[in-house]
Protein chains: 2
Amino acid sequence: MNRLYHVPLSPFCRKVRLSLAEKKIEVELVEERYWEGDSEFLRRNPAAKVPILKLDGRLMSESAAICEYLEEKHPTPPLLPASPELRFEVRRLVSWFDDKFHHEVTTKLLYERVNKKVQKTGYPDSANIKSGARAIKYHLDYMTWLLDQRRWLAGDQMTLADFAAAAHLSSLDYISDVDWNRSANVKDWYAKIKSRPAFRSILADQVSGFPQPAHYSNLDF
Amino acid sequence: MNRLYHVPLSPFCRKVRLSLAEKKIEVELVEERYWEGDSEFLRRNPAAKVPILKLDGRLMSESAAICEYLEEKHPTPPLLPASPELRFEVRRLVSWFDDKFHHEVTTKLLYERVNKKVQKTGYPDSANIKSGARAIKYHLDYMTWLLDQRRWLAGDQMTLADFAAAAHLSSLDYISDVDWNRSANVKDWYAKIKSRPAFRSILADQVSGFPQPAHYSNLDF
Ligand SMILES: N[C@@H](CCC(=O)N[C@@H](CS)C(=O)NCC(=O)O)C(=O)O
Ligand SMILES: N[C@@H](CCC(=O)N[C@@H](CS)C(=O)NCC(=O)O)C(=O)O
């Protein structure tokens, strides 16, 4: 049986879940509370990070490498375009979200508010929250600028770049940290992604101690 | 003229320099002191990070996306193998070094000792140095384990995984933070990479305030 070891609000896990679902690869989701230091999990993966995908008997870590592998083995529907120039743009944006956005926004809002409580490692630091709340505006404006010129973030086709962005934004939306009124075209873009069947499992996530807000799974948010 | 905006000891820049050199794509190296907040540079790239490659008139950021693009446009010599399984392993290791190793070692040793001084942002934090010095041992042992089974880090062929690893280790070697006596096969592996023509420019780097140690460019270190 294929399995994805994951944490519900992890953006790296969500990106992989979206790719798998879009490609109709069925996996059993197994929540892996890595901070509890379960040694069986560490044995499975020296990096000790989720997501870890068990696919066709192999254990795979690192979300970027997993998504490229899925693309090569299960090319339909394609989540990377055909030309090297467009593929570059997709990968650039995936790194933009998984490196820059992650560092400037996700770690400052989601990890402060949720991970610290769930993992019992302290209280949210208000300077970080402020800095994350400031940075997300700048990122939403950058997305607005991209979407002014393009139907999807990297071009005219939905790609891994959209999934990387939606993975971070959906996790932040779970804690109501995204101001959807800031940009009509970012909101339209998110509504399109949100209504895909591949998104259903993400909209059904529940995290104990953090009740799902009403707008989170509403397609008409 | 093709150009690479870079910082000499940046591991992300070094990985791109190695790919370019191995593929014999000539670029002019332009040092970009991004911390001085030169606005022309910021205009060129909203991420405000090096490396930035100007190639065939386009400006490209994000080292992973750049290396994949170079691979697609200039496939010879190949730095990614042919099978999806081996390609996965290469990309997993690139992420291992650029995410985990970077976070646990490079930021704790190189950025503490060099970047803080060069960028005038303070003094090395001894807790970080200690933690980086402990973590590098564990990473060298992981490389030893890989190289016990393989000629190169990801398999029988030299790949981007070797360049990602060598990029971090060479920058740390510039400040004498790599104990080459810890593992004979890691040392042999580094000697092989170091002797490649693609490595010459990296061995010639000089950083003011940090004189190059004698062993750094010595092929018989
Ligand atoms: N580069 C990894 C990052 C994954 C990652 O950072 N996962 C977090 C959860 S969001 C984690 O498992 N952290 C555990 C740790 O760092 O110890 C990927 O893309 O898969
Ligand atoms: N994900 C980027 C990371 C590049 C990066 O972090 N570069 C550092 C120098 S080693 C930088 O320019 N930092 C400037 C900043 O973060 O403001 C890549 O792979 O190219």
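Residues numbered from 1 in each chain as written. Chains lettered and ligands numbered in written order. Predicted model: local features only at pLDDT ≥ 70, side-chain atom pairs only at ≥ 80, totals over all residues. Heavy atoms only, no water.

Here is the rule: UniProt positions are given in the numbering used here, feature names are shortened, and annotations may be inferred rather than shown by experiment.
You'll find chain A entered in an unreviewed UniProt entry as Glutathione S-transferase, with Nereida ignava given as the organism. A UniProt comment under Subunit (unreviewed entry) is attached to chain A, and it reads "Homodimer."

Description of the overall build of chain A
Selection rule: Strands here mean DSSP runs of E at least two residues long; helices mean DSSP runs of H or I at least four residues long; both are numbered from the N terminus. With C-alpha atoms as the basis for the radius of gyration, the globule rule is written as 2.2 Å multiplied by the number of residues raised to the power 0.38. With a 1.4 Å probe rolled over the protein chains alone, any residue whose accessible area is under 20% of its type maximum counts as buried; one over 50% counts as exposed, and the rest are partly exposed. The method behind every accessible area is Shrake-Rupley, applied with a 1.4 Å probe, and residues are considered shielded solely by the protein chains displayed. His is not counted, nor are the chain ends, whereas Lys and Arg count as positive and Asp and Glu as negative. Just so you know, the charge point we use is NZ for Lys, CZ for Arg, CG for Asp and CD for Glu.
If you tally the helices and strands in chain A, you get eight helices and four strands. Seen in sequence order, chain A has helices and strands lined up from the N terminus as β-α-β-α-β-β-α-α-α-α-α-α. Whereas a compact globule of 221 residues would reach a radius of gyration of roughly 17 Å, chain A reaches 17 Å, a difference of no more than 12%. Judged by the C-alpha coordinates and their principal axes, chain A covers about 50 × 45 × 30 Å. Burial statistics for chain A: of 221 residues in total, 55% are counted as buried. Carbon and sulfur atoms make up 51% of the accessible area of chain A, which totals about 9700 Å². Mean positive and mean negative side-chain charge positions of chain A (33 and 30 charges, respectively) differ by 2 Å.

Re the UniProt feature "domain: GST C-terminal" (unreviewed entry) in chain A
The sites that UniProt annotates as "domain: GST C-terminal" (unreviewed entry) are residues 83–217 of chain A. Between the C-alpha atoms that bound residues 83–217 of chain A there is a distance of 35 Å. The span itself is 66% helix and 0% strand.

Describing the side chain of K194 of chain B
All names here are of chain B. This is how it is decided: For salt bridges, the criterion is a side-chain nitrogen of Lys or Arg within 4 Å of an Asp or Glu carboxyl oxygen. By definition in these notes, contact holds between two residues if any of their heavy atoms fall within 4.5 Å.
By the element assignment, K194 lies in helix α7 (residues 184–194). Despite being buried, K194 has no salt bridge partner; D173 is the closest side chain of opposite charge, sitting 4.3 Å away. Those residues within four positions of K194 in sequence are excluded, and the remaining contacts are D173, F199, L203, H215, Y216, S217, N218, L219 and F221.

Digging into the interface of chain B and chain A
For the record, the criterion: By buried area we mean the combined loss of accessible area, with a 1.4 Å probe, across both parts when two parts are placed together. A 3.5 Å cut-off defines polar contacts: any pair of N or O atoms within that distance qualifies, except that in protein one atom must be a possible hydrogen donor and the other a possible acceptor, and neighbouring residues in sequence count only when both atoms are side-chain atoms.
Facing 26 residues of chain B, the contacting portion of chain A comprises 26 residues. Both faces considered, chain B and chain A share a buried interface measuring about 2500 Å² in area, 56% of it formed by carbon and sulfur atoms. Of all residues in chain B, the largest losses of buried area upon contact with chain A belong to E62, E72 and F88 of chain B, amounting jointly to 23% of the total for that side. Summed over the shared surface of chain B and chain A, the result is 10 salt bridges. With its nearest N and O atoms 3.0 Å apart, the salt bridge here joins E72 of chain A to R91 of chain B. On the surface where chain B and chain A come into contact, there are 10 residue pairs in polar contact (both at pLDDT 80 or more). Listing elements by their share of the side of chain B that touches chain A, those giving two or more residues are β4 (58–61), α3 (63–73), α4 (84–118) and α5 (126–149) of chain B.

Some thoughts on the sheet that holds β4 of chain B
Residue and element names in this part refer to chain B. The condition that has to hold: Strands pair, by our definition, only if DSSP identifies at least two bridges between them. Orientation is described by axes fitted as lines to C-alpha atoms, over the contacting stretch for helices, and by angles from 0 to 180 degrees between their N-to-C directions.
Spatial ordering of the open sheet is given by β2-β1-β3-β4, a layout of four strands whose pairing is mixed. A strand with exactly one partner marks an edge of an open sheet, and here the two such strands are β2 (28–31) and β4. Averaged over all pairs of adjacent strands, the angle between their axes in this sheet comes to 20°, without regard to strand direction. Pairing of strand β1 (residues 3–6) with β2, which is carried by four bridges, proceeds in the parallel orientation. By the bridge assignment, H6 is partnered in β2 with E31.

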